[in-house]
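Overview (structure and organization)
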Amino acid sequence: MNQRIKHGPFWTGLFSVISLAWLFPLALVLINSFKKKVYISADTFSLPTGKEFAGLFNYKDGIEKTNFIASFGWSLVITVGAVLLILLCTSMCAWWIVRVNNVASKIIYVLFLLNMIVPFQMVMFPLSKMADMLGLNTPWGVCLVYLGFGAGLPVFIFTGTIKSIPQEIEESAMIDGAGAVRTFFTIVVPMMRSSIITVAILQTMWIWNDYLLPYLTLDLQRFKTIPIVIQYLRGGYGSIDMGALMACLVLAIIPIVIFFALCQKYIIQGLSLIHISEPTRP
């Protein structure tokens, strides 16, 4: 204990410096979003003062050039829809895997683990073709695609959490007349709250910032997400509207930072349950 107290200030200082290194690029984007685009490349690290200050012009310009409001709406629809679908389906699947615990459930569990291993690049071209053939090139269809690619980690997390829930509680509810659906939503889900929020944070950050999957599957004539419209600010022959780009990046970062700040305390709680309860597979 004394050794831990002795070295506490050192580790606090070290990780504070490391955290500043992580925050520096975000601060740089914010600072340059208020500069005139001529000065962003010429004087990247200076504060936007005097003739360099552009006010809110970059934000207005970026919103108009990218139709940012519409892309924000589509990103929100895809993120919320996909995350809710992932949470619902994977939590029920994990509960079935743990409680049934037969050969079929073990095989399905291993398949979900393999889902985390297969690189997206191996299947992205067949996926693009199948999305067009099956009509999944809409925001609602992309939610199903995200369910397929994002199910592995949530199932892994939820199975670890469910193993820590005493089965006797569920059996008592069923003896009192509760069916499987009612037992799951009234008994199991409230006890999985930390893990559910952990998965929601991880999946939201992935889906909100994802560029490649929507670009390959969506009908880009009708639907564009925020990462796609930001990429469109790159003009021909390597020209980039840096002012509008920096402003749109800030607008894209703000919602996810707020969401993470409100929910991040649950990540450690959810993952600690996995560490305790995942010594063996189902």
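Residues numbered from 1 in each chain as written. Predicted model: local features only at pLDDT ≥ 70, side-chain atom pairs only at ≥ 80, totals over all residues. Heavy atoms only, no water.

1. As for the overall build of the chain
Summing up its helical and strand segments, the chain has 15 helices and zero strands in all. For the chain, restricting intrachain contacts to residue pairs at least 6 apart in sequence, the fraction spanning at least 24 positions comes to 73%. Accessible area for the chain stands at about 16,200 Å²; split by element, carbon and sulfur atoms hold 70% of it. (Helix = DSSP H or I, 4+ residues; strand = E, 2+ residues; numbered from the N terminus. Contact = heavy atoms within 4.5 Å. Areas by Shrake-Rupley, 256 points an atom, 1.4 Å probe, with all protein chains shown as cover.)

2. Let's talk about helix α10 (residues 180-191)
A turn of α-helix holds 3.6 residues, and therefore any two residues three or four places apart point the same way. With 12 residues, α10 ought to run about 16 Å at 1.5 Å a step, and its terminal C-alpha atoms sit 16 Å apart, in line with that. Tucked inside the fold, the buried residues of α10 contact α4 (68-100) and α9 (167-175). (Expected span 1.5 Å × (residues − 1).)

3. What about the environment of Gln203?
In this structure, Gln203 sits in helix α11 (residues 193-209). Among the residues examined, Gln203 registers a relative accessible area of 6% and is labelled buried. Taking the C-alpha atoms as reference points, Gln203 and Leu87, 116 residues apart in sequence, are found 9.3 Å from one another. Contacts of Gln203, omitting those with residues within four sequence positions, involve Val83, Ile86, Gly150 and Pro154. (Buried < 20%, exposed > 50% of the residue type's maximum accessible area, 1.4 Å probe, protein only.)

4. Quick word on the pattern of salt bridges
Considering all chains together, one arrives at three salt bridges under this definition. When the shortest N-O distance is used, the salt bridge between Asp61 and Lys65 registers 3.3 Å. Here the residue Asp61 and the residue Lys65 both occupy positions in helix α3 (residues 57-66), the gap between them amounting to four residues, near one helical turn. Note that Arg222 and Asp219 form a salt bridge whose closest N and O atoms lie 3.9 Å from each other. (Salt bridge = Lys/Arg side-chain N within 4 Å of Asp/Glu carboxyl O.)

5. Some thoughts on the packing of aromatic side chains
All told, the structure shown has 13 aromatic pairs when counted by the stated rule. Here the aromatic rings of Trp11 and Phe15 are separated by 5.9 Å at their centres, their planes lie at 25°, and the arrangement is stacked. With Trp11 and Phe15 both in helix α1 (residues 2-32) and four residues apart, the pair spans about one turn of that helix. The partly exposed category is assigned to Trp11, whose relative accessible area is 45%. Where Trp74 meets Phe223, the ring centres are 4.8 Å apart and the plane angle is 85°; that geometry is what we call edge-to-face. Taken together, the residues span a long stretch of sequence, with Trp74 in helix α4 and Phe223 in the loop between α12 (212-217) and α13 (226-231) at a distance of 149 residues. In this structure Trp74 comes out as partly exposed when scored by relative accessible area, which is 23%. An aromatic cluster of at least three residues, connected via ring pairs, comprises Phe68, Phe72 and Trp208. (Phe/Tyr/Trp six-rings, centres within 6.5 Å; stacked < 30°, edge-to-face > 60°.)

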